[in-house]
Amino acid sequence: MNGGPDAASTPDPGWRPFTVPNLISFGRLCCLPWFVWLVFGAEDRWAAALLLGALGATDWVDGWVARRFNQVSELGKILDPTADRLLLLVALVVMIVDGSLPLWIAVLALVREGGVAVAALVLAAAGARKIDVTWWGKTGTFLMMFAVPSFLAGASDIAAADVFGVLAWVFVAAGLPIHYWSACGYVPQALLAVREGRAARAV
């Protein structure tokens, strides 16, 4: 959450690569191979669900550290949402192959993530300024990052699997609509970013 609404008010934070929040985001990315191995190598869905849930929770931690200790950075505004997106994409693909996630949920989530990624590339090519992640965007991602491991835990052999199965549907029922709502909310920001980017180049 290095790129949250509060971070946007910080004047010229600079790249500052060696901050604690950036290290947390980088560490989350480094855990992706471990997650894949837990699902396919160790065949331990419960351990994989715990790891994925922990990685989702640290998304809040790095944002809090960035704001609380004035460690907001331009790199963090890029690295944090990138880590969020990669975590969700890898988890979705792994669980499609594993069969522990309903296909229609995975497809809807992948379409949203793919659409946002393509839009970001188009905006960059159009010379738009960078758009900070919104509160709704972070909330939707946060809920989906708990829905997905809950489905994984629900497909495991632990005693509380049925409970996690119910929680998974609760999280996805809230998270998926917010995920799409937040994507729609970026449209006016994107148009403004293109105008401001072009104006800055014309000066």
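No experiment lies behind these values; they were computed from the predicted model shown.

A word on the packing of helix α4 (residues 45-68) against helix α7 (residues 135-154). Where α4 meets α7, the axes come as close as 8 Å, and the angle between the chain directions of the two elements is 170°. Comparing the axis directions of α4 and α7 gives the class roughly antiparallel. In contact with Arg45, Trp46, Ala48, Ala49, Leu52, Gly53, Gly56, Ala57, Asp59 and Trp60 of α4, α7 contributes Lys138, Phe142, Met145, Phe146, Val148, Pro149, Leu152 and Ala153. When grouped by side-chain class, the residues that make up the contact of α4 with α7 number 13 nonpolar, two polar and three charged.

Mean pLDDT for the protein: 84, with 89% of residues reaching 70 or above. Considering each helix and strand of the protein separately, the mean pLDDT is smallest for helix α1 (residues 5-8), with a value of 44, and largest for helix α3 (residues 32-40), with 96. Here residues 1-10 scores under 50 on pLDDT; set against residues more than four positions off or in separate chains, the count is 33 contacts.

Turning our eyes to something else, we now look at the state of the cysteines. A full pass over the atoms with the stated rule returns zero disulfides. The thiol of cysteine 31 is unpaired, and the distance to the nearest cysteine sulfur, on cysteine 30, comes to 7.1 Å.

A volume near 930 Å³ is recorded for the largest pocket. Along the wall of the largest pocket there are 31 residues; nearest its centre are Arg85, Val116, Ala119, Ala120 and Ile131. Every element with two or more residues in the lining of the largest pocket is listed here: α5 (74-98), α6 (103-125), α7 and α8 (161-202). The element best represented in the lining of the largest pocket is α6, accounting for nine residues.

Looking now at the packing of aromatic side chains. Summed over all chains, the structure comprises seven aromatic pairs. Relative to tryptophan 136, the ring of tryptophan 135 has its centre 4.9 Å away and its plane inclined at 80°; by these criteria the two rings are edge-to-face. A relative accessible area of 40% means that tryptophan 136 is categorised as partly exposed. An aromatic cluster of at least three residues, connected via ring pairs, comprises Trp104, Phe151 and Trp169. The residue whose ring lies beneath arginine 68 is phenylalanine 69, and the NZ or CZ to ring-centre distance is 5.3 Å.

On to the environment of isoleucine 131. With respect to the element layout, isoleucine 131 can be found in the loop between α6 and α7. The spatial distance from the C-alpha of isoleucine 131 to the C-alpha of leucine 192 is 9.6 Å, given a sequence separation of 61 residues. Leaving out residues up to four positions away in the same chain, isoleucine 131 has contacts with Leu123, Tyr186, Gln189, Ala190 and Ala193.

Right, let's talk about the pattern of salt bridges for a bit. The tally for this structure, following the rule as stated, stands at seven salt bridges. Between arginine 45 and aspartate 98 there is a salt bridge; the shortest N-O distance is 3.0 Å. In this pair, arginine 45 is assigned in helix α4 and aspartate 98 in helix α5, connecting sequence segments 53 residues apart. Judged by its relative accessible area of 25%, arginine 45 falls in the partly exposed class. Because the salt bridges share partners, they merge into one network encompassing Arg28, Asp80, Asp84 and Lys138.

Here is what the cut-offs are and how they apply
Residues numbered from 1 in each chain as written. Predicted model: local features only at pLDDT ≥ 70, side-chain atom pairs only at ≥ 80, totals over all residues. Heavy atoms only, no water. Axes fitted to C-alpha atoms, helices over the stretch in contact; angles between N-to-C directions. Helix = DSSP H or I, 4+ residues; strand = E, 2+ residues; numbered from the N terminus. Parallel < 35°, antiparallel > 145°, perpendicular 65-115°, else oblique. Contact = heavy atoms within 4.5 Å. Nonpolar A, V, L, I, M, F, W, Y, C, P; charged D, E, K, R; others polar. pLDDT = per-residue confidence, 0-100. Disulfide = S-S within 2.5 Å. 1 Å grid on protein atoms, 1.4 Å probe; cavity = no way out; pocket = protein on both sides within 12 Å on 5 of 7 lines; lining within 4 Å. Points joined across faces, edges and corners; volume = space filled by probe spheres on them. Phe/Tyr/Trp six-rings, centres within 6.5 Å; stacked < 30°, edge-to-face > 60°. Buried < 20%, exposed > 50% of the residue type's maximum accessible area, 1.4 Å probe, protein only. Lys NZ or Arg CZ within 6 Å of the ring centre and 35° of its normal. Salt bridge = Lys/Arg side-chain N within 4 Å of Asp/Glu carboxyl O.

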